[in-house]
Amino acid sequence: MASGFLLALFLSLLFSSAMSQSSPQLSEAQQCRFQRLSASQPSRQIQSEGGVTELWEESQEQFQCAGVAAMRNTLQPNSLSLPNYHPTPRLVYIERGQGFISVTFPGCAETYHSQQTQKTRESEWQRQDLHQKVHRIRRGDIVAIPAGAAHWCYNDGNEELVAVSVNDLNHQSNQLDQKFRAFYLAGGVPKRGQQEQERQTFQNIFREFDSELMAEAFNIPSEIVRKMQSEENRRGLIVNVRERMGFIRPDEEQEQEQWGGQSDNGIEESYCSMKIRTNIENRRDTDIYSRQAGKVNVVDRHKLPLLKYMDMSAERGRLYQNALLSPHWSMHGHTIVYVTGGDANVQVVNNNGQTMMNDNVNKGNMFVVPQYYTVTFKAGNNGFQWVAFKTTGWPMRNPLAGYTSVIRGMPLQVLTNAYQISPNQAQQIKMNRGGESLVLSSGGRSD
Amino acid sequence: MASGFLLALFLSLLFSSAMSQSSPQLSEAQQCRFQRLSASQPSRQIQSEGGVTELWEESQEQFQCAGVAAMRNTLQPNSLSLPNYHPTPRLVYIERGQGFISVTFPGCAETYHSQQTQKTRESEWQRQDLHQKVHRIRRGDIVAIPAGAAHWCYNDGNEELVAVSVNDLNHQSNQLDQKFRAFYLAGGVPKRGQQEQERQTFQNIFREFDSELMAEAFNIPSEIVRKMQSEENRRGLIVNVRERMGFIRPDEEQEQEQWGGQSDNGIEESYCSMKIRTNIENRRDTDIYSRQAGKVNVVDRHKLPLLKYMDMSAERGRLYQNALLSPHWSMHGHTIVYVTGGDANVQVVNNNGQTMMNDNVNKGNMFVVPQYYTVTFKAGNNGFQWVAFKTTGWPMRNPLAGYTSVIRGMPLQVLTNAYQISPNQAQQIKMNRGGESLVLSSGGRSD
Amino acid sequence: MASGFLLALFLSLLFSSAMSQSSPQLSEAQQCRFQRLSASQPSRQIQSEGGVTELWEESQEQFQCAGVAAMRNTLQPNSLSLPNYHPTPRLVYIERGQGFISVTFPGCAETYHSQQTQKTRESEWQRQDLHQKVHRIRRGDIVAIPAGAAHWCYNDGNEELVAVSVNDLNHQSNQLDQKFRAFYLAGGVPKRGQQEQERQTFQNIFREFDSELMAEAFNIPSEIVRKMQSEENRRGLIVNVRERMGFIRPDEEQEQEQWGGQSDNGIEESYCSMKIRTNIENRRDTDIYSRQAGKVNVVDRHKLPLLKYMDMSAERGRLYQNALLSPHWSMHGHTIVYVTGGDANVQVVNNNGQTMMNDNVNKGNMFVVPQYYTVTFKAGNNGFQWVAFKTTGWPMRNPLAGYTSVIRGMPLQVLTNAYQISPNQAQQIKMNRGGESLVLSSGGRSD
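Residues numbered from 1 in each chain as written. Chains lettered and ligands numbered in written order. Predicted model: local features only at pLDDT ≥ 70, side-chain atom pairs only at ≥ 80, totals over all residues. Heavy atoms only, no water.

S.K.: How would you sum up the state of the cysteines? Please name residues and give values.
M.R.: Residues and elements named next belong to chain A. Across all of its chains, the model carries three disulfides over all chains by this definition. The disulfide bridge from Cys32 ends at Cys65, spanning 2.0 Å between sulfur atoms. Residues Cys32 and Cys65 are joined by a disulfide whose S-S torsion is about 100°; by sign, that bridge is right-handed. In this pair, Cys32 sits in the loop between helix H1 (5-15) and strand E1 (44-48) while Cys65 sits in helix H2 (residues 61-66), placing the two residues 33 residues apart along the sequence. Its relative accessible area of 0% is what places Cys65 among the buried residues. (Disulfide = S-S within 2.5 Å. Helix = DSSP H or I, 4+ residues; strand = E, 2+ residues; numbered from the N terminus. Buried < 20%, exposed > 50% of the residue type's maximum accessible area, 1.4 Å probe, protein only.)

Structure below.
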C-alpha cells in the first residue's frame, strides 16, 4: 500500500473529492427548527496539569443544527497537549501565543530530527531521533487537522497558547454517529472526579487493553505499558514538560513559498508534505478591504488545499467603528462565529418571519449562523473582530446590499414592481452604497 | 475571492463533484416502507395578486420517501414571481406560456442592459440599468435553479405561464433539515389569513430586520426600507406589473449554439455564463424514438451541465395509443412523474411481493416511482404524455423487456432453468420484441 | 443515451466520484453507542432447492452501526443462484468451490455466445444465443456487484460453492432506507412457510404484475408469464439445473492482463468491460508479508477500479502461530471481519474507556470493528486467517506498534513527557519491533 502512495494520492485527488463535501446527517436531534440563536460561552471545562480545555455545549440547538463541536484549549508555557485523534475534521484558530504542532499521517516517512536541547544528559537519544514533521504555529494561524490523524501540540513560548477549534461532526468521512469523540494515546480524563460526559469523550485507548498483550505488541516490558496506560494518571489532557523541547524544522518562509499559490492544480501536492497551516492575518491575502469599513480574509481550499478533503474553511473579519457587514446569506455551509474583540449587534432572520437573533456579542462569545439564513453585523464604538469557521471548503456569500449584491443584479423594473417604488427609489437601493461591497462604512444616510 | 473566480470554477468542477450526488438523509420520517403510491393533485394553494402557487402535500409518504417538494406556479399575463431562493436545487418544467427568468449567481458581473420600453417617463433610468442575464423561457423548457441562487420570473406573454417544479430536499448541499423553505426578497405570504404552514415557508427576509439598520446598510431612507419589508403587503408571491417589462438578451439560437454539445468537458464552461435552460421537446435531441410506440427525451448533466452540480435530471415521454413503457427499474435515483396529457395504467411493484400502485393516471396527476422499484406504463386510447423529474444527474434504466433488456442479456440456459421453460419459450422471452427497446408498441401477441 | 456512453463514462469518472464514498445515514437506530461487539454466526436461513442462504442478524447493533447486511450462500454442484439485484453495492468472497457469475450492466452489448453443451437436442438455440459476459469465479476471489445490477451465479464444479457477501446499506447511491432488499427476477421466497422477514426481503418482482400486461410487454403467451411469476414455485432462491451449463468466455489470464495495473488512470476503462473480480490470494499482490508473522493482502480501488464507484474494499489476512496484528485504527470506514480459519483473541477498545470486545473467535464467526476504534488480534496455536470487508474504497490504517506506527512518528521527548518515562524507555517503545510493521511475530519480550 505504501509503495503506491503517489499514485494513490493522485487518484485520491480525483476520486475522493466526495470527502470535500459535508454530508448532512439529519437525525431528529439535528433538525434546524429551533427558535433562537444565542451568543454563548463554554459551559464545561476539563482542568489538566498543564492547561485547561473549555467546551461549548454540544447539545445546544444551534450547534446541533450546524453539526459541530467547539472547544478552546489553553496550554501553559512549556506544556504539551497529549497525542490524540478524532473521527471528524478539525479547524483550529490560534488566538494567542506560539508553539509547535505535529499531525501524523499514516504511511509518511519520518525524516525529521529533533533538535538537540541545550542541556541534557540524554542527547545521545535525541541526536538520532527520527520523527514526522513538526510545524511552528503562532497567533493568527489556522491549522487543519484531518479526521483520524493523530496530533500533539507544545507551547514553547512565554505566554499561554490559546487555540479555538471546531470539529465538523457531519463530515462525510465520519461513519460513526454525530457525537464528538477524542481518542487519546496518552493521559486521558481521570475516571474519578470528572463528569460522566468527559469520561466518555476523552479516554486513553491504551488503558483498557490487556497490558501483557500490549507488552508483546510493542515488545517492551509490562512496566512501560503500565506507564502508557497511565492508570493513576491525574494529569489529564495537557501536561507539564520537564525540559524544554526543541525541533529542527524547515524555514517557515520556505514552506510558505513552496505551497502558496501553485498547489491548486491538485496534482503535484503530496499528502505527506501537505501544508496544514496558514496565517489568516496575512495582509497580502486580504480578500476584501475597505479603508473606511474594515476587512475580511478567507482561508479556503484554494489557500490551504488540505481543506478540500476536510470541506471546511475559515474567515477573519474586522469591522471599524460602527461599520456594517452587509446583510447576506451563505450558500454552501453553516458559519460558526467566534468573537475575538470589540462588540457588535448581530441580527439573524430565517424564512418563517422570525428574528432568530438580535443580540450584542462580545469577546469570547460563539454563535452559529445557519446556512441560507440572512445575517448582518453592526460594529459598536470599538469596532468588531471575529473568526468564523465554516462547514464548507467553498464558502460563498450572497450579499443583499452593496456593489456585488443580489439586489444590484436585478433590473430596475423588477425592483419597482416588487416593492411598489419609483425607479428613482429602486436606483437608490441598487446604487447608494457605491463601490462598497461586503464591508460597509458607517455614514450619514441619504434622506 | 471574486478575482480568482475562473480558477475557483475550474477547481469546483474538479472537486465539488460531490455536490452532483444526492445524499439520502434517512430520518425515521423518510423511510420508504409505505404500502401505497398514488397519483395525487396539489392539496394546498397560495393565492397571490398575479397568480397562484399550488403545493403537493410534502408530508405524503411518497414525497417523503423521495425527499422532494413539488409545486405548480401559474402566473397571469404581465405578472412577476417575486425574487426568492431556496436551500435545495430546483428543476422546473414550463408546461404552458412564455416569459423571462433570471437566476442570480454571486460574484458574477452585471453586464446586461434593460431594453427601453416603448412609452415611459423613466427611460433615463432604464437606459443605464445594468443587471445580470435574463433568459427567455417558453413551453417545454426545463430550467435548472441551483440551491441558494436568487431568481425571479416574468410572464410577458398573452396566456398564463404555468411552471411545475420539484425541489430535491435531500441534496448534499443542503445542511439544513429535510423541509421545503423559500426565502423571499420581496412580498411573502401575509401573516394573517394563511395557514401556519405557508406563513412559515414563504416569508420575506427583510420583514423582521430592524428597518433603521437596513436603511443604513443600503444607505437609503427608512421609507424605502418599509416598502421592501412590505409590512401590509397582501400581494403575496406573484404580483401584477404596472408597465410591460422588456429585456435585451442574447439571441436564443446563439446561446443554444454556444453551450449545446461541447460544454461536456467541464472546463471551458464558466459558472457565471452557464446555461440554465434547455427545451425538452427538441426533436433533434430525442433519445428513444419508435414510429409505432412513442418517444422519450432526457435532459441530464450532459445536455445541461449545471445538472452536474444539482444532481437532478428530467425526462419527457410520449406513448402512442395503447403503447407500453417497458417494465424497468431506475438505478440512480427516484422518479417523480407529472402527467401532462392522456391517460395510462401504471403498475409499480416492490421487493416484498406487493403491488404499490395499479392505477389510472390523468393530466395533472403526480406520483413517485422509488429508486429500484419496478414500474410499467400502458397508455390508454388517447396516448399518454408525461414529464419526470429525477433525483440524479445520471439517470439509468434497466428495462426487463425489449432489445436492451436485462433478460435479453442472459443466456438461454439461465432462463430455461430459472423459469422451468423450454429453450423455445426462453427464446421468445428474449426476442419477441425484436428491435423495440424502452417504448413498446401495442400489438397482437404471438400466442 | 446509449450512443454517448463513452463520453458518459469519462464524465462519470470525473463527476460521479461522490459515489465512491460512503455516506453515513445516521438514523437513531444506527447510532454507534452500543457497549459490546461480539463474534456471531448467521441466525436465519432460507432453504432452497439447490442450496441455502444464511443471514447474519441485520438488526444486531454492530451491523446497524456499520450499516451492512451479511450473508453466506451455499450452492450445490450444478445449481443456479437466480437472477436478482439489490439497491446497495455488494462485495463477495468465494470461500470454497468454483462457478460462473454474470453481472448485467444496462446499455452494454450482448457479445458473448453460450458454449455448446455436449449432448443437447436444442443446440440450434444455444448456438445463436447472445448474452452479456460471464465470469469464471473460484476460491479466493473477491467479486464486486454494483448497486442495481442484476446478477446470477452457477456452480459448475464438483463441490459446494460457498460465497460470503456484505452489502453496504449506507452507500450514497442508495436513496431508499437502510434496510437490505433483494429484487428477484425469478423464483423468490415462497409466500407460505417462511418468516415474514424473508418474504418481505426476497421476492420475485414479476409475481405481482398483471400477467396480461406482462404478456403484452414481452409479446409472449400468458402461460410463459405465469412460469416467470412462479406462482407455486417452492424452489426458492437457488435451483437445480437440468443439464450442465457451459459458457465460452475470454481466457482468464488475458482478462487479468488487460485490466491489471493500468486501469488506474480512470479514463480508458469502460463501464461495460470493467473487471468485476480479482483473486485476493494472489501472492504477487501481497501488500504486507513477514516470514515470521504472516501476511495481508488488500483489494481496493486500485486493484479493482469498480470499487471506486462502490466505495468498498476487502482484505485477506493470515497470522502464523501466536503472531499479532498490531493494535491500530482504520481511518476511512468500518471493517467487517469474517474468520476463515484458526482462532485468535480479538480486543477492541473505544474512546470511552471500555473494552468493546475481548473474545476468542473461530472459523465462521463474523464481527464488526467500527471506524476509528482500536483493535488488535493475537493468533492462537493454529494461526488465524480472515477476510475483512470494508465500507471504504480507500482503506487506511494507523498502527500503534511497529515500523510504520504513529508512535514511531513522534519525537522521543513527546513520549517521555506523555508517559513520564525515560528516553531509553521511549526508544524501546519506538524501536523494539525493528522492521516489523502491521503483522508482528510472536517472540520473547525484551525484559
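S.K.: Please provide a residue-by-residue account of the pattern of salt bridges, values included.
M.R.: Within this structure, the stated rule accounts for 45 salt bridges over all chains. Residue Arg72 of chain B is joined to Glu54 of chain B by a salt bridge in which the shortest nitrogen-to-oxygen separation is 3.0 Å. Placement of the pair is Arg72 of chain B in strand E3 (residues 68-75) and Glu54 of chain B in strand E2 (residues 51-55), with a sequence separation of 18 residues. Both residues of the pair, Arg72 of chain B and Glu54 of chain B, belong to the buried class. The shortest N-O distance in the salt bridge between Arg136 of chain B and Asp156 of chain B comes to 2.9 Å. Taken together, the residues span a long stretch of sequence, with Arg136 of chain B in strand E9 (residues 135-138) and Asp156 of chain B in the loop between strand E11 (150-154) and strand E12 (161-168) at a distance of 20 residues. With a relative accessible area of 10%, Arg136 of chain B lands in the buried category. Taken together, the shared-partner salt bridges connect Glu315, Lys390 and Arg397 of chain A into one network. (Salt bridge = Lys/Arg side-chain N within 4 Å of Asp/Glu carboxyl O.)

S.K.: Outline the packing of aromatic side chains, supporting the account with residue identities and numerical values.
M.R.: For the structure shown, the criterion picks out 36 aromatic pairs over all chains. Relative to Tyr372 of chain C, the ring of Tyr85 of chain A has its centre 6.5 Å away and its plane inclined at 40°; by these criteria the two rings are tilted. One end of the pair, Tyr85 of chain A, is in strand E4 (residues 79-85); the other, Tyr372 of chain C, is in the loop between strand E23 (366-369) and strand E24 (374-390), on a second chain. The exposure classification of Tyr85 of chain A matches that of Tyr372 of chain C, with both residues buried. Ring geometry for Tyr373 of chain A versus Phe183 of chain B: centroids 6.1 Å apart, planes at 55°, classification tilted. On the criterion of chain membership, the pair formed by Tyr373 of chain A in the loop between strand E23 (366-369) and strand E24 (374-390) and Phe183 of chain B in strand E13 (residues 182-184) is interchain, its members lying in two chains. (Phe/Tyr/Trp six-rings, centres within 6.5 Å; stacked < 30°, edge-to-face > 60°.)

S.K.: Kindly report on helix H5 (residues 211-218) of chain C, identifying the contributing residues and their values.
M.R.: Across the eight residues of H5 of chain C, seven count as buried, placing the element largely inside the fold. Turning to H5 of chain C, its buried residues are Ser211, Leu213, Met214, Ala215, Glu216, Ala217 and Phe218 of chain C. Where H5 of chain C is buried, its residues touch strand E20 (324-330), strand E21 (335-349), strand E24 (374-390), helix H10 (423-431) and strand E26 (439-440) of chain B together with helix H6 (222-229) of chain C. (Contact = heavy atoms within 4.5 Å.)

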